[in-house]
Amino acid sequence: KMLQITNLLAVCLLIPVIFSSPFELTEKYVKDFQDGIDRLVEVSDKTILQEESYKPENYDEEAALKDAEEFDFIVIGAGSSGAVVANRLSEVPEWKVLVLEAGAPESLYAQPPSMRNILLNTPYNWGYKSEPQEKACQGANDDRCNINTGRALGGSSAISKMIYTRGSGKDYDTWADLGNDGWCYKDVLPYFKKSEDAHLHKFDRKYHSQGGPLNVEEPQHNSKLREAFLQAGQELGYKVIEANGEEPIGVATPQLVTKGGRRSSVSRAYLETAKSRKNLSVRPFSQVTQILIAPHTKEANGVKYVHKGKLFIAKSKKEIIVSAGAINSPQLLMLSGIGPKEHLESLGLECIQDLAVGNNLKDHVVFLGMNLVSNETISEGDQKENLISWLKDGKGPLSQTGVEALAFLKTDASKDAKHPDIKFIVVPHAMNLGYDYAKREYNIRKELYDSIWAANEGKLGCSIFVVLPHPKSTGTVRLHTKDPLNYPIINGNYLTDEEQV
Ligand SMILES: Cc1cc2nc3c(=O)[nH]c(=O)nc-3n(C[C@H](O)[C@H](O)[C@H](O)COP(=O)(O)OP(=O)(O)OC[C@H]3O[C@@H](n4cnc5c(N)ncnc54)[C@H](O)[C@@H]3O)c2cc1C
C-alpha cells in the first residue's frame, strides 16, 4: 500500500518539474510524458484497492489538541461540491478556510481523457463495492457492483466520464416540490450559467454562458460512430437536440467538461484558480475521521483528521461543510454520532442525534448488454503520434472520454410525455477493449467477459449503455465498524422497485 502511495506521489510531484520549463514540445518532453503515463498504468496494474484500519495507539490525541489550528470554515472533501464551496467562501478575505481532502492532487498524466479507465484502479478511487445484489450485478464478481468514487483533489470529477449533463429541468422542479425552496430549475439555472465557460459550436444563451470557471466543449475527436448514431436517431424520428438546452428528448452530441481536449476537474477549475488566496488552505492526503460535536449544544466545532500517519485537530469558528460525497458524507456523519440510533449504538458509538442518515441512497443502474460490432476496422494510429497530437492541441484518440453520443428517451412505460425516463450512452469499443478494462470499470466476471466480449476484442464496435436516470429503488449506507478508515456497507438494493424492472 505504501509503495502504491509513493508511486502516486512520484507521479504527482513531476508536475511542477515539467511546468517549470517554458513549454516546448521536444522529443524529451514527449518521452517524459509517455513515461509518466506508463508509470500511472503500472500503478493501476499493481494496485489492490482495500480498506485500511485506524489504530488509536498510533495517534497522539493530546498533541493534536495542543496544536489545534482555528479556521472560520472547514470544508471536508475537495470534490465537485467542496471545491466550489471553498472557492466561493474564500472570496471573502477575512474568512480563513481550510479544505481537507483524503486523496492526492491530480496527476498531470491523468489529464488525457482516455486515461479515465486506468484511474479506476489507482488510489484516486476509494475502491468500494456494493453488497451482493439479488436483482442486479449478476454479471459482477460475487454479485457485487463497483461503486466507483473519486478520492482526489477534484473528487469524483477527477475520475469521471466528463459528460456535462445537468439533468432535465423537471428534475430540479421535483426537488423544489419536495420542499427544497430555491432548487427549482429557474432558481438553479443562473448558477449553472455562472459556473460555465461554454466553448460550443452552437448554443442557446438562455441556457449557456461564457466566462465561468468550468470549461464546456464538444468532443475534440471526430468519430464515425457519433454521426451514425445521430443519423439512426433521426431515422427513428428523434430530433438532434443540444444536450443541455431547451428540448429534453432526443439524440445528442455530448458536451464535456474538458478544456482543449484535457480533463478539467472541478479542482482545476475552482481550487487551482484560487490557490494564491492567503486565507485558503487546501490539504490533500488528509482524511477526516470525526466531526467534533459538543453533546449538549449539539454544535459542531472542529474535526479530527489523519495526515501522513499523524492525527490533527482543526477547530471551526463558523461552519463545517460536509462535502465528502454520497457515500462518505453519511459515513462520516454516523462516525460522528449523527445517524440511526440503534445502528450507532450497536457499534458502540454514542448517538448525538438520531437521524435517518444513510437511508435514501439513490444510484442509477446501467445495463451493459447492448453491444454492436461493425464490419469496418479503424486504426487508432501510432501511439507516439497520438500523444504528440494531444500534447500539441488536445486532439486525437487521447482526448476521447469514452462517450461518443447520448440519447434521452421516453419509454412507453413512462407516464410523462415531456421528459426522458431512459438515457443511452454510446461508448466506443467499450467492453471489447480487454478483460482488465471491463473489470476495472464494472467488476465483470471473467467467464461472462469471455462468453460475450472476448470474441470481439480489437474489432470496431460500441456498446450502448442503458441508464435509468430516476431510480426508484432505494438503498442504504451503513457503518461496518466504528473504525473510521474501514469501508462502509453500501447496499444499492438495485432494481427492487418492480415498476422499473
Ligand atoms: C467513475 C465516475 C464517472 C462519472 N461520470 C460522470 C459524468 O460523466 N458526468 C457527470 O455529471 N457525473 C459523473 N460522475 C458523477 C460525479 O462525478 C459526481 O456526482 C460528483 O463528482 C459528486 O460530487 P461530490 O462533491 O458530491 O463528491 P465527490 O466529487 O466524490 O467528492 C467527495 C470528496 O470527498 C473526499 N472525502 C471523502 N471522505 C473524506 C474524509 N473523511 N475526509 C476528507 N475527504 C474525504 C473524497 O476523497 C472526494 O474527493 C461520475 C462519477 C464517477 C465515480
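Treat the numbers as computed from the prediction; the structure is a model and nothing was measured. (Residues numbered from 1 in each chain as written. Predicted model: local features only at pLDDT ≥ 70, side-chain atom pairs only at ≥ 80, totals over all residues. Heavy atoms only, no water.)

Here's the deal with the sheet that holds strand β7 (residues 250-252)
The strand order β7-β17-β18-β19-β16 describes an open sheet built from five strands, whose pairing is antiparallel. Edge positions in the sheet fall to β7 and β16 (366-373), since each of these pairs with one other strand and no more. With strand direction ignored, the average angle separating the axes of adjacent strands in the sheet is 20 degrees. One ladder, built from six bridges, connects strand β18 (residues 422-428) with strand β19 (residues 461-467); its direction is antiparallel. For Phe-424, the partnering residue across the bridge sits in β19 and is Val-466. (Pairing = 2+ DSSP bridges. Helix = DSSP H or I, 4+ residues; strand = E, 2+ residues; numbered from the N terminus. Axes fitted to C-alpha atoms, helices over the stretch in contact; angles between N-to-C directions.)

What to know about the UniProt feature "domain: Glucose-methanol-choline oxidoreductase N-terminal" (unreviewed entry) in the protein chain
When the UniProt feature table is mapped onto this chain numbering, "domain: Glucose-methanol-choline oxidoreductase N-terminal" (unreviewed entry) sits at residues 325-339. Taken end to end, residues 325-339 has its terminal C-alpha atoms 16 Å apart, with 73% of it in helix and 13% in strand. (UniProt positions renumbered as here; feature names shortened; annotations may be inferred.)

Details of the UniProt feature "binding site: FAD" (unreviewed entry) in the protein chain
UniProt records the feature "binding site: FAD" (unreviewed entry) at Val-288, using the numbering of this structure. The residue Val-288 is located in strand β11 (residues 286-293) in this model. When its relative accessible area of 8% is taken as the criterion, Val-288 is described as buried. Apart from residues lying up to four places away in sequence, Val-288 is in contact with Ile-76, Leu-100, Val-303, Lys-304, Tyr-305 and Leu-332. (Buried < 20%, exposed > 50% of the residue type's maximum accessible area, 1.4 Å probe, protein only. Contact = heavy atoms within 4.5 Å.)

Looking at the state of the cysteines
If you walk through the whole model with that rule in mind, you get one disulfide. The partner cysteine of Cys-137 in its disulfide is Cys-145, sulfur to sulfur 2.1 Å. Note on the Cys-137 and Cys-145 pair: the S-S dihedral is about -110 degrees, so by sign convention the disulfide is left-handed. (Disulfide = S-S within 2.5 Å.)

Here we look at the sheet that holds strand β13 (residues 310-322)
Read across the sheet, six strands follow the order β10-β2-β1-β13-β12-β11 without closing on themselves; strand pairing throughout is mixed. The open sheet is flanked by β10 (280-283) and β11, the only strands paired with a single partner. Across the sheet, the axes of successive neighbouring strands diverge by a mean angle of 40 degrees, strand direction being ignored. Sheet analysis places strand β1 (residues 69-76) next to strand β2 (residues 97-100), joined by four bridges and oriented parallel. From the neighbouring strand, Val-75 faces β2, where its bridge partner is Val-99. The strands touched by helix α4 (residues 80-89) within the sheet are β1, β2, β10 and β13, with β1 carrying the most contacts at an inclination of about 140 degrees.

Re the domain arrangement of the protein chain
According to the domain assignment, the protein chain contains domain 1 (164-217) and domain 2 (221-255 + 366-470). Computed from C-alpha coordinates alone, the two centres of domain 1 and domain 2 are separated by 24 Å. Along the contact surface separating domain 1 from domain 2 lie two salt bridges. A salt bridge links Lys-206 to Glu-246, with the nearest nitrogen and oxygen atoms 3.2 Å apart. Remark: the boundary between domain 1 and domain 2 carries nine residue pairs in polar contact (both at pLDDT 80 or more). Among the secondary structure elements, those contributing two or more residues to the side of domain 1 that touches domain 2 are α6 (169-177) and β6 (214-217). (Domains from an automatic or database assignment. Salt bridge = Lys/Arg side-chain N within 4 Å of Asp/Glu carboxyl O. Polar contact = N/O pair within 3.5 Å; in protein donor to acceptor, adjacent residues only side chain to side chain.)

Some points on the confidence of the model for the protein chain
Taken as a whole, the protein chain shows an average pLDDT of 92; of its residues, 94% reach a score of 70 or greater. Of the regions scoring below 50 in pLDDT, residues 13-22 engages in nine contacts with residues more than four places distant in sequence or in other chains. (pLDDT = per-residue confidence, 0-100.)

Thoughts on the nonpolar core
Counting 50 residues, the largest nonpolar core has Ile-74, Ile-76, Phe-229, Val-303 and Phe-424 as its most contacted members. It is helix α10 (residues 325-335) that contributes the most residues to this core, four residues altogether. The contacts of Ile-76, once residues within four sequence positions are left out, are Leu-100, Val-288, Ile-291, Val-303, Ile-320, Ile-321, Val-322, Ser-323, Ala-324 and Leu-332. (Core = buried A, V, L, I, M, F, W, Y, C linked by side-chain atoms within 4.5 Å.)

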